[in-house]
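# Examining the three-dimensional arrangement
The lines below spell out each chain.
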Amino acid sequence: MTPGAHAVGTSPAPWVGRSRPSLEGNDIVTGAITYVTDRREEGMLHGYVLRSTVPHARIDGIDVSAALALPGVVTVVTAADVPVNALGPRDVDGPALADTVVRQVGEAIALIAATDARTAEAAAGLIGLDLTALPVVDGPAAAAAPDAPQLHESGNVSGAIAFSSGDVEAALADAHLVLRRSVHTPAQEHVAIETPGGVARWDADATSVTIWCGSQNPGLHQRKVARALDIPQESVRMIANPVGGAFGSRNDDPMPVFLALLARRAGAPVHVHMTREDVMAAGAKRHPFWTSIDIGFAADGRILGSAVRAVADTGPIITSGPNVMKTSAEMSTGPYGFDVASFDGTVYYTNNANAGAFRGYGVPQVAFAIENAITEAAHELGLDPAEVRLRNVLDGGDRHSLYRHRTTTSLNVRATLRTAVEHPLWAQRRQWQAGAVGPWRRGTGIAVAMKGVGMGSGTGDTARARLHIDDRGHVIIWAGPNHTGQSIQTTYGQVAADALGLPIETIDVRVGDTGEVPESGPTAASRSTYAGGAAVRAACDELVERCRGLGLPLATDAAGVGTKLVELGEAEVNAEFRLPDTDDIGIVPPEQLATFAPHRVYGTCTQVVRVEVNTLTGEVRVPELLCVLDCGTPINPAATIGQAEGGILQGLGMAIMEDHRVSEGIPRTTSLENYLVPTIADTPRMHTLFIEGSEDSGPFGAKGMSEVVVVPTPPAIAAAIRDAVGVLPQELPVTPERMLALIEEAPCM
Amino acid sequence: MHVNGDPVATPAEADHGLRLLDYLRDHLGLTGAKEGCGMGECGSCTVIIDGRAITSCLVLVGQVLDAEIRTVEGLAAAGHGPLQDAFVARQAVQCGYCIPGVLNSCAALLDRDPDPTDAQICEALDGNLCRCTAYNRFYDAVHDAAAARHPNGAGA
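Residues numbered from 1 in each chain as written. Chains lettered and ligands numbered in written order. Predicted model: local features only at pLDDT ≥ 70, side-chain atom pairs only at ≥ 80, totals over all residues. Heavy atoms only, no water.

In the annotation of an unreviewed UniProt entry, the entry for chain B reads (2Fe-2S)-binding protein, and the organism field reads Occultella gossypii.

Chain A goes by Xanthine dehydrogenase family protein in an unreviewed UniProt entry, where it is assigned to Occultella gossypii.

Encoded structure:
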C-alpha cells in the first residue's frame, strides 16, 4: 500500500507479525551499500597494526626510526604516544597499545599510517622490537598454579561467581541415579565475514573525531575513544554501520580506538581493514570452558539437585569474562525446575587468545553439561529423553532453581517441547533410523534451552528512542541498539507503524550513530527487538497520547498534525524503556542483585536434530533439524527465522567443526584454511516453528531469541550421536578423529 | 578488459601485479566485491570472469587483461535483476557482506544452467561462506530467479 492509497478513517494493515524484507536489501544486492570498510575519504591514508608474534614478553624497547624513515610513512603510534593508554577504567581492561609487556599473540604494539596499505605494512616490518620472553601461562591450570607468573597486579583470577540454594550433596544422597560428568567446549571464532576496520577523520579545528567502524555498542566505543584520546565524549562520533556481521565480536573490539588514534596523529583520514589472519589471532573468541556437573535423579526422571562448576579462559584481558560467567551461573540449571542447585565458576587470565562476547554468552557451555547429563540419565533410567525433560521443565511464573526468583509468565519451554515431540522429525525417528545404509548410522537427538533477555535485574538496562514528526507528517525515529546485520531498523519501523497507525513508508528509522541516536546500550543479550523495540513503542505511544490530549487526528491527517506540533514546539518525543526487574528476587541478597542479575524474561527453544555418523571415517552429517521457538510475538517472522537458522548453524559449527586451537600460547588455527566454519554443504534442512505466546513487557508481546537458538544445537547433536552409535561425546567439537576414537573406545557396539 | 560490459582502459603495466580485487575496488571504485580472507576461502570477493565465478583475491590484473569481468554492480544489466530481487524478497540477506559473491556464484550458475537443481546450487555456492543466514534461502531465491527469467520453462 502506498501512503497516498490510504483512505481517511481506515487504519493501515498491521505490520507486526508480517514478514518484511530488510530495508537495505536492495542496496546489498546491487553492491550500492557502503560498508564501513568500503568507505573512502579525500586524502585518506592507510593504516596497519603491528601485532605481537609471541604470547608473553617484556618490552625493553621499540625503535620506530626506520619505519618513520620509509617514504610514504606519515606516522607511527606507540604506547608512549597514546594520551591515556587504556581500553577501560581498570588495569585489567588492558592498554590500547602494549607498553611494558605483551600478553598474547596478536596484541597490538604499534599503529602505522602511510600513503598506501603496502607501505604501512612494510613499515611495520621495520619497527625494531626488543623483547624478553616471559614464561607462558598456557591455560587455566597454569594460571592457578601456586608459582604461576601473575598477568595482572590483581592476580590471574579475572572473576569468580558462586551461589547455592541448598545442600546439593544431601539431595543427591537420596537420588536413584547420580551422574558426575565433565565436558569441554572450545574457543570459537565469530568469523563475521567483514573483518574489523573502517575510517576515522580528525577535525583539527573542532578537536573532534568521527569514526566509521562496526560496533555493537557505539556509546561504549565513544567513551573508550574519548578516554584514550583524552577528549570529551561529545567530541567523538561513532557511526557504527553498515557492518558485515558481529555475533559478539564488535562488543570488545579496540578497532575504533586504533582508527581514532591514527587519524588524530596523522591529521588526515585513515582507513584500516584487518586481515583475516589478524582477526584469527587477535579477535576475542567464545570462552573455552571446562564444566563439570553432579546431578541426581529420582527413578521417574525428576531432577533432585545439581552442582555445576565451570572454569573459563578469558586470555590476557578481562573483556567480558566475568559477565559471561555470570550468565553461565544463572543458566547452569537449564530450563529446569528443581529444589537444590549450586554453581561455582572461575575465569582465569592466560596468555591464550582473548575471549569475550559471543552469541549465547556463556550459556552454550554450561547447557552442554546439563543437557548431556539429561540425555544420559534418560538412557540410564530407560525413559524417553523428551519425557524426562517434560517432567522437569520450568513453567511460566515458576521460581528459578538456583536463585529462586520469579520468572515471567511468558516462559513456555513446555510448549516448545510438546510441539517438537509431535513433529515427524521426532515422532518418526525410529523409522528414519531404520533406513540407515552402509557405514552411516542414523540417530535423532533433542535438547532444550533457555536464556535471559536483556542484562538482568538490578543492572539498570535501558534503551532509548527519539522521535520527530515534520510538517509533511513524516516521522524520523532515532533508536538503538544498533544494526549489525539483523536489520533491526526494519523491525523498529514495523513497531512504529502499528503504534502510530501511520503508513510505514512515512517512517524513517536511524540507528548506530552516536551523533544522533540516544544512548541505548549494546546490541547484545537478545535485547534489541525487546528493549529497543519497547523504547520505540514508548516514543510512539507518547506521540499518540500527546495528539490525543491536543485533540489532533494523527492517524488521519499526519501532515496537518505534524505542522501543528512543529508550530507548538511539540514535534519531538524522547522515551525510554527500562528493563523490568523480576517481581520477586528470591534468595538473591538485594544488595547483590546486579552481581547475579537474575532475569525476569527468558526466551526458550527446543531443537530436534537428525545426525548420520560414518562408523568408518568418523564423519558426522546433520541432514535435518527442527527448531521450536518461544519468543513471544515474532514481529518480522521471516527475519526471526533467519536469525534462528543463522544461530543454529553457529551452534552446529561449535558442535562438529569449530575449534580455535592455541597451544603454548601460539594460535594453531590461523586462517579460514585451518579454522573451518559450516558451508552450504554442511547445512541441514531446517524447520523453525513458533509457539503462541506474548511477553507483556515487550513491544507487541515480543521477547528476544537470537542467542537461545545457538544453545540446544550442540547437545541435541551429541544426543543424536548417542542415538546413532551409542556413545555420548563430552568434548566439542566432535571432529571425525574424536568421533572415531569414541566409537573405537566404546565398550560394545 | 571489459568490466560490466564496458571497456576499461588497459591497466598500466605497473598494476599488472595487483590483485584483481584491489584493482576493482581501488582503481575502478567497484566496492561491491568484498575482501573476507584474502586466500580464496570465503568467496566474498567472487566475480564472474569469462563466465566463471572466481575469487578475485587470487587473480592478478595481468591475468585478465583480455577478460570479460562482471561484478555485482553489473548483474542487473546482465539480466540478473530477478536474482537480486529474489534474494531481497526471500529475506535471504542479513548483514549482506557475503551477498555480492553469493550472487555472482548464482548468476554464473544460472547462465550455465537456467534451471539448476538444489545439488547444483549447493555445488555452486560451496565456496561462499555466509555466517548470518544458514544458506537455505539461497536455494529458494535461485529457484525463484530461474522461474522469473524463464517463465515458460520447467522451473516456472
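As a further point, take the packing of helix α3 (residues 99–112) of chain B against helix α5 (residues 136–149) of chain B. Residues and elements named next belong to chain B. Between α3 and α5, the least distance of the axes is 11 Å, while the angle of their chain directions is 45°. Judged by the inter-axis angle, α3 sits oblique to α5. As for how α3 packs across α5, the hand of that crossing is right-handed. Contacts from Ile99, Val102, Cys106, Leu110 and Asp111 in α3 reach Phe138, Val142, Ala145, Ala146 and Arg149 in α5. (Axes fitted to C-alpha atoms, helices over the stretch in contact; angles between N-to-C directions. Helix = DSSP H or I, 4+ residues; strand = E, 2+ residues; numbered from the N terminus. Parallel < 35°, antiparallel > 145°, perpendicular 65-115°, else oblique. Left-handed = near helix turned anticlockwise from the far one by under 90°. Contact = heavy atoms within 4.5 Å.)

Residue and element names in this part refer to chain A. For chain A, the domain assignment lists domain 1 (25–33 + 462–578), domain 2 (37–134 + 196–273) and domain 3 (372–456 + 599–745). A separation of 35 Å is found between the C-alpha centroids of domain 1 and domain 3. Each partner contributes to the interface: domain 1 provides 17 residues, whereas domain 3 provides 20 residues. Interface of domain 1 and domain 3: buried area, both sides summed, is about 1400 Å²; carbon and sulfur atoms make up 67% of it. On the domain 1 side of the contact with domain 3, Ala525, Ser526 and Tyr530 bury the most area, a combined 45% of that side's loss. Between the two partners, domain 1 and domain 3, sit zero salt bridges. Counting the contacts that link domain 1 with domain 3 gives five residue pairs in polar contact (both at pLDDT 80 or more). Listing elements by their share of the side of domain 1 that touches domain 3, those giving two or more residues are α15 (488–500) and α16 (528–550). Across the side of domain 1 that touches domain 3, the residue classes tally to seven nonpolar, seven polar and three charged. (Domains from an automatic or database assignment. Buried area = accessible area lost by both parts, 1.4 Å probe. Salt bridge = Lys/Arg side-chain N within 4 Å of Asp/Glu carboxyl O. Polar contact = N/O pair within 3.5 Å; in protein donor to acceptor, adjacent residues only side chain to side chain. Nonpolar A, V, L, I, M, F, W, Y, C, P; charged D, E, K, R; others polar.)

All names here are of chain A. Within the secondary structure, Arg389 is located in helix α11 (residues 385–390). With a relative accessible area of 0%, Arg389 lands in the buried category. Through-space distance from the C-alpha of Arg389 to that of Pro335 is 9.0 Å; in sequence the pair is 54 residues apart. Residues contacting Arg389, with those up to four places away along its chain left out, are Tyr336, Glu371, Ile374, Thr375, Leu417, Ile446, Ala447 and Val448. Polar side-chain contacts of Arg389 include one of 3.4 Å to the side chain of Tyr336. (Buried < 20%, exposed > 50% of the residue type's maximum accessible area, 1.4 Å probe, protein only.)

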